[in-house]
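# Secondary and tertiary structure notes
Next come the chains, spelled out residue by residue.
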Amino acid sequence: MAHQSLYRAYRPQSFDEVAGQEQVTKPLSEAVKAGKIGHAYLFAGSRGLGKTSVARIFAKEIGCKERDLYEVDAASNNSVEDIRALTEGVYTLPFESPYKVYILDEVHMLSKAAWNAFLKTLEEPPSHAVFILATTELDRVPETVQSRCQVFEIKKPSRKGLAELVARVGKQEGYTLAPDAAELIAMLAEGSYRDALSVLQKALAASSDKKLSREEVEQATGAPKREQVHALIRALAAGERGKALTAIEQAAKSGADMKLFLELTLSALRATLLIRYAPDLKADLSEELGADEFSALEAFAKEKGITHATLLAFLTAAERIRYAPIPALPLELAVLELFPQE
């Protein structure tokens, strides 16, 4: 029997378990308590944020049983014939629930003809029908549809929130995560709950014991190694242009994802400057980064090579890297702009 994925195992089962989305869960919960159930809802947000999980919770809260819950992948059922078949079934009464709930995922993929066929039903559905539309691209959902729905936008979680999530799930699975390991997983997830738990599952599978270190996450995911980032930060702190360029070249040659390498560099530069200029934050940063990382960055902070100009140069590189034909080039350019002459 296949092992259940962490994302499915830890999918929220109630509004209280949905983290960081009070702007969605509170009004929905209040509507349930007041018995004021709308006929159409639209959940928007990027992938992996739990739109369909919230939709299922809402369906359960309004008394919809499994037999009366219909989930439709609009990406593959997007024709006018598919929608006509769906709307014909809407008018039959529920089997054993007060409502029939239709969850349409990736609804922006419906064809124009399908939208037209859907509009009348969406505007005047039978009293027992509730539609919950989910989309990753709100701007592709026609205004005529949005105006007929209660629209809720599901936000990306903060990196801190994701790190707390993976640490909590890891603990429930019997593992202890080093703070910097949880932080790296959160960074790799790029704002997605689903991706965070997928990365965590991969890392846990590769762990040799019940303690997950950052190095084990690096090994399991192929993320750039901390030593590669430190080599660049060390060179920048010492004002050594040649060594900084060498560090970037060696990271690129190792097959590191240069976008992620740059993101890790920016995170380290930011922490270095905070250690130098905000001593009150040292305790929090030490806990967040882990003792080894904090100690290394604290040493870099004592040198004067890293300034706000360093951070700005690499922040500019982050804007350029999306369009760079050679991924390492924006980082190399940042170094050359910082040290035009040695």
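Below is a short write-up of the structure. (Residues numbered from 1 in each chain as written. Predicted model: local features only at pLDDT ≥ 70, side-chain atom pairs only at ≥ 80, totals over all residues. Heavy atoms only, no water.)

### Comments concerning the overall build of the protein chain
- Scanning the protein chain for helices and strands turns up 17 helices and 7 strands.
- Expressed as lengths along the three principal axes of its C-alpha atoms, the size of the protein chain is roughly 75 × 40 × 40 Å.
- In the protein chain, 77% of the contacts between residues at least 6 apart in sequence involve partners at least 24 apart.
- Carbon and sulfur atoms provide 51% of the accessible area of the protein chain, an area that totals close to 17500 Å².
- Looking at the protein chain, you have 42 positive and 48 negative side-chain charges, and the mean spots of the two groups are 1 Å apart. (Helix = DSSP H or I, 4+ residues; strand = E, 2+ residues; numbered from the N terminus. Contact = heavy atoms within 4.5 Å. Areas by Shrake-Rupley, 256 points an atom, 1.4 Å probe, with all protein chains shown as cover. Lys, Arg positive; Asp, Glu negative; His and termini not counted. Charge placed at Lys NZ, Arg CZ, Asp CG, Glu CD.)

### Looking at the pattern of salt bridges
- Evaluation of the coordinates by the stated rule reveals 15 salt bridges.
- A salt bridge links glutamate 71 to arginine 56; its shortest N-O distance comes to 2.8 Å. One end of the pair, glutamate 71, is in strand β2 (residues 69-73); the other, arginine 56, is in helix α3 (residues 51-61), with 15 residues separating them in the sequence.
- With a closest N to O distance of 3.6 Å, arginine 226 and glutamate 293 form a salt bridge. Taken together, the residues arginine 226 in helix α11 (residues 226-238) and glutamate 293 in helix α15 (residues 291-302) connect sequence positions 67 residues apart. Summarising the burial analysis for this pair, arginine 226 and glutamate 293 share the class buried. (Salt bridge = Lys/Arg side-chain N within 4 Å of Asp/Glu carboxyl O. Buried < 20%, exposed > 50% of the residue type's maximum accessible area, 1.4 Å probe, protein only.)

### Focus: the side chain of glutamine 228
- In this structure, glutamine 228 sits in helix α11.
- Owing to a relative accessible area of 18%, glutamine 228 belongs among the buried residues under this scheme.
- A polar atom in the side chain of glutamine 228 sits 3.0 Å from the backbone nitrogen of lysine 225.
- At 2.8 Å, the side chain of glutamine 228 and the side chain of serine 254 are in polar contact.
- In this structure, glutamine 228 is in contact with Gln250, Ala251, Ser254, Ala256 and Phe261, ignoring residues within four places of it in sequence. (Polar contact = N/O pair within 3.5 Å; in protein donor to acceptor, adjacent residues only side chain to side chain.)

### Let's talk about the nonpolar core
- Counting residues in hydrophobic clusters, the biggest one holds 85 residues, and the most contacted among them are Leu28, Phe43, Val101, Ile132, Leu200, Leu236 and Phe314.
- Counting residues per element, this core draws most heavily on helix α13 (residues 258-277), which supplies 11 residues.
- Excluding anything up to four places from it in sequence, leucine 28 contacts Phe15, Tyr41, Phe43, Val54, Phe58 and Phe152.
- Membership of the second largest hydrophobic core comes to 24 residues, among which are Leu86, Leu122, Leu138 and Cys149. (Core = buried A, V, L, I, M, F, W, Y, C linked by side-chain atoms within 4.5 Å.)

### Concerning helix α7 (residues 159-172)
- Look at α7: 20 Å from first C-alpha to last across 14 residues, which is about the 20 Å you get at 1.5 Å a residue.
- Listed in full, the buried residues belonging to α7 are Leu162, Ala163, Leu165, Val166, Val169 and Gly170. Projection of α7 onto a plane perpendicular to its axis shows the buried side chains occupying an angular sector of 160 degrees, all on one side. Across α7 from its buried face, at more than 90 degrees, point the exposed residues Lys160, Lys171 and Gln172. (Expected span 1.5 Å × (residues − 1). Arc of directions from axis to C-beta.)

### Quick notes on unusual backbone geometry
- Phi at glutamate 106 is positive, roughly 50 degrees, even though this residue is not glycine.
- Along the chain, glutamate 106 falls in the loop between β3 (100-105) and α5 (112-123).

### Side note on helix α2 (residues 22-34)
- Here α2 contains 13 residues, and its C-alpha end-to-end distance of 18 Å stays within 8% of the 18 Å for a straight helix at 1.5 Å per residue.
- Within the span of α2, buried status applies to Val24, Thr25, Leu28 and Ala31. For α2, the arc enclosing every buried residue in end-on projection is 130 degrees, short of the 170-degree limit, so these residues lie on one face. Exposed side chains of α2 directed beyond 90 degrees from the buried face belong to Lys26, Lys33 and Ala34.
- Each element contacted by the buried residues of α2 is listed here: β1 (40-44), α3 and β5 (150-153).
- Residue glycine 35 follows α2 closely and has a positive phi angle near 70 degrees.

### Side note on the packing of helix α8 (residues 179-189) against α13
- Direction vectors running N to C along α8 and α13 enclose 130 degrees, while the axes themselves pass 11 Å from each other. Put simply, α8 runs oblique to α13. For the pair α8 and α13, the crossing hand works out as right-handed. Residues Leu184, Met187 and Leu188 of α8 touch α13, and the partners they reach there are Leu260, Glu263, Leu264 and Ser267. (Axes fitted to C-alpha atoms, helices over the stretch in contact; angles between N-to-C directions. Parallel < 35°, antiparallel > 145°, perpendicular 65-115°, else oblique. Left-handed = near helix turned anticlockwise from the far one by under 90°.)

### A short note on the packing of aromatic side chains
- Scanning the model with the defined rule gives 7 aromatic pairs in all.
- Consider the rings of phenylalanine 118 and phenylalanine 131, whose centres lie 5.2 Å apart with planes at 85 degrees: the pair is edge-to-face. Note that phenylalanine 118 is positioned in helix α5 and phenylalanine 131 in strand β4 (residues 129-135), a separation of 13 residues in sequence. Each member of the pair, phenylalanine 118 as well as phenylalanine 131, carries the same accessibility label: buried.
- Above the ring of phenylalanine 95, the side-chain terminus of arginine 67 is found at 4.1 Å from the ring centroid.
- The lysine or arginine in question, arginine 194, covers the ring of tyrosine 7, its NZ or CZ lying 5.6 Å from the ring centre. (Phe/Tyr/Trp six-rings, centres within 6.5 Å; stacked < 30°, edge-to-face > 60°. Lys NZ or Arg CZ within 6 Å of the ring centre and 35° of its normal.)

### A short note on the packing of α13 against α15
- One way to put it is that α13 packs onto α15 with a least axis distance of 8 Å and a crossing angle of 70 degrees. Our classification of the angle between α13 and α15 gives roughly perpendicular. In the packing of α13 onto α15, the handedness of the crossing is right-handed. Along its contact with α13, which presents Ala268, Ala271, Thr272, Ile275 and Arg276, the element α15 presents Phe294, Leu297, Glu298, Phe300 and Ala301.
- A breakdown of the residues in the contact of α13 with α15 according to their chemical character gives 7 nonpolar, 1 polar and 2 charged. (Nonpolar A, V, L, I, M, F, W, Y, C, P; charged D, E, K, R; others polar.)

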